[in-house]
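Here are the chains, one letter per residue:
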2 protein chains.
Amino acid sequence: MKKTEFSFIGDIATMFGSLPHHGFEPIGDDCTVLDMGSDSLVMSTDMLIEDVHFLRSASSAEEVGYKSLMVNISDVAAMGATPTATLLSISLPESAQGEWSEDFMRGFYAGCKEHGIALVGGDTTASRDKIAINVVAMGRAPKESIKRRSAAKLGDIIAVTGKLGVSSKGLVDIMFGDLNTAAAKAHRRGQARVEEGKFLGSCEAVHAMMDISDGIASDIKHIMELSNVGAEIELSKIPTDYDIRYATTGGEDYELLLTVAPDRFDEVASALLNATGTTLTAIGRITESNTITWLDNGEPSELELKGFTHF
Amino acid sequence: MKKTEFSFIGDIATMFGSLPHHGFEPIGDDCTVLDMGSDSLVMSTDMLIEDVHFLRSASSAEEVGYKSLMVNISDVAAMGATPTATLLSISLPESAQGEWSEDFMRGFYAGCKEHGIALVGGDTTASRDKIAINVVAMGRAPKESIKRRSAAKLGDIIAVTGKLGVSSKGLVDIMFGDLNTAAAKAHRRGQARVEEGKFLGSCEAVHAMMDISDGIASDIKHIMELSNVGAEIELSKIPTDYDIRYATTGGEDYELLLTVAPDRFDEVASALLNATGTTLTAIGRITESNTITWLDNGEPSELELKGFTHF
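In this text, all values refer to a predicted model and were calculated from it rather than measured experimentally.

Thresholds applied
Residues numbered from 1 in each chain as written. Chains lettered and ligands numbered in written order. Predicted model: local features only at pLDDT ≥ 70, side-chain atom pairs only at ≥ 80, totals over all residues. Heavy atoms only, no water. Pairing = 2+ DSSP bridges. Helix = DSSP H or I, 4+ residues; strand = E, 2+ residues; numbered from the N terminus. Contact = heavy atoms within 4.5 Å. Axes fitted to C-alpha atoms, helices over the stretch in contact; angles between N-to-C directions. Salt bridge = Lys/Arg side-chain N within 4 Å of Asp/Glu carboxyl O. Buried < 20%, exposed > 50% of the residue type's maximum accessible area, 1.4 Å probe, protein only. 1 Å grid on protein atoms, 1.4 Å probe; cavity = no way out; pocket = protein on both sides within 12 Å on 5 of 7 lines; lining within 4 Å. Points joined across faces, edges and corners; volume = space filled by probe spheres on them.

Draft legend 1. Highlighting the sheet that holds strand S12 (residues 299-300) of chain B. Residue and element names in this part refer to chain B. With mixed pairing, the 7 strands of this open sheet are ordered in space as S7-S9-S6-S10-S8-S11-S12. Every other strand in the sheet has two partners, leaving strand S7 (206-211) and S12 as the edge strands with one partner each. In terms of strand pairing, strand S8 (residues 230-234) meets strand S11 (residues 292-296) through 4 bridges, oriented parallel. Paired with glutamate 234 across the bridge in S11 is leucine 295. Strand contacts of helix H7 (residues 216-227): strand S6 (157-161), S7, S8, strand S9 (256-260), strand S10 (280-287) and S11, with the helix running at about 140° to S11, the strand carrying the most contacts.

Draft legend 2. Summary view of the pattern of salt bridges. Inspection of every chain in the model, using the stated rule, returns 30 salt bridges over all chains. Between A:Arg188 and A:Glu63 there is a salt bridge; the shortest N-O distance is 2.9 Å. Highlighted residues: A:Arg188 in helix H5 (residues 182-188) and A:Glu63 in helix H2 (residues 61-77), separated in sequence by 125 residues. Owing to a relative accessible area of 18%, A:Glu63 belongs among the buried residues under this scheme. Across the pair B:Arg140 and B:Asp39 runs a salt bridge whose closest N-O atoms are separated by 3.1 Å. Of the two residues, B:Arg140 sits in strand S5 (residues 132-141) while B:Asp39 sits in the loop between strand S1 (32-35) and strand S2 (40-49), which places them 101 residues apart along the sequence. Under the relative-accessibility criterion, B:Arg140 is labelled partly exposed at 25%. The network of salt bridges with shared partners includes A:Arg193, A:Glu196 and A:Glu255.

Draft legend 3. Looking closely at empty space enclosed by the protein. Enumeration according to the criterion identifies 8 cavities of 30 Å³ or more in this entry. Roughly 110 Å³ of volume is contained in the largest cavity. Every residue lining the largest cavity is counted, 15 residues in all, and those nearest its centre are A:Lys130, A:Ala132, B:Ile49, B:Lys130 and B:Ala132.

Written out as structure tokens, the structure is:
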């Protein structure tokens, strides 16, 4: 659980902090981590609500099922773990029972099959009018492979996998009725970086890691806060085919944001490309300042980067 | 996940059966079970939807918070495990942000504190108009303590903890506007049998066990189906202060339903009373027939026992 997600009740971590932990690590990362002896169990949970996270008119049930799985296994992969199992809870109004729910399960199953993930539990129930979905994804990792937001070091290179901005560009296309652009298709069928997360987890030179769910402008702040560092990012280096605002403040790309020991960046990037076919791009560095500095070809940028509001 | 809960897509267990299991047991019991080497991790998930599982006008936010926790740890206790941790997802319409959500967390926290349970992760999000809550409860148990629905044996005594029917009687009181009867209070603040589940888990003579969530008339069928046995229940022996229909088909009592080796029932019942102060009552026995026989003072009963529909 991200600490900020419970801001509605002040500091939930303090409220529950005095209770026993039973082997679980304190709240703060993409996933909860439980010591299993020889390795660790990591788990992440996300809730998707109709008309907040998806529209039945814009996404097929199969796409919603696939996406429900991907948003969660992306969190598991971002810790350097291999996703293994899920729990699925779903509440269905009458209008979504039958065909919609069957198509949803087909999409969920397709994602599970791609990555060899088990469905090991869940709950189904009625609802009055909106669909609510909750997915828990679990994964396993050797203890030394687990990457935390708190592990960034001064001088680290900030890097991202793949290209940014495609999902939010796709969302805008869909809002304008262009359902069949490449970006719109990518938005509806986002891929979690499962192989990449596992590979980067095994690299000692990778320090902090998380997935990009709200855009780097917002997500880098979690690493800064928990690692007690600052960041300098060069806009011209951000890998994207679209407007820089999609690439910096657009959500749901599910690419990985990581920090790497500077003298080993080239080695990690070429090993990742070799192992998975995915590029790793250096976009900045970790600084002492506690603030983000945005550079545009080396000069301070005037760009005002606001947060992304999930649709 | 109970197998029947996914009836909306036919046999989900078959659909996902060919995927790797990664150390998780197949679907069928109150909880998912993961082999942890020295012991097992069990986990259960339940979704509560406003106007399906609770009404804001009839239950306080604190009561909903407390109940959200109890329904889940009841499943963990019913496996013979000790609840240790929870994940909480909650989606809040604007009208429930602020005071309602803070009171909800107070109720959830109160239950966690009573049983020494950690909150280790979760998600909060907006919703359009209804509150949706998903809780995952986790627990630990020595492997040999885990009680399954499939473990009932021919000739076993069928037994229940405590008294039945109070929760559904309380619900009816609330529906008639009697919010302050003892039953109504018990309905709003049901207690999971945490100590009892752990103790009965440690008893070798206890074979099958589950919690009573839909009434024994419905719940005993899960044991019958998975153990491939029948049941004979004597109505006059069912411990209750209310009409027999509440006690047999009323939901949400969170008492435990178990089967015990007949020659060791007295020993188990007196040890449970000693350890926890809770009574264990013999109400029938496991038969070969694959059907339920209801007896009334030894004679076949004419009572027609239908299922309970959760409010």
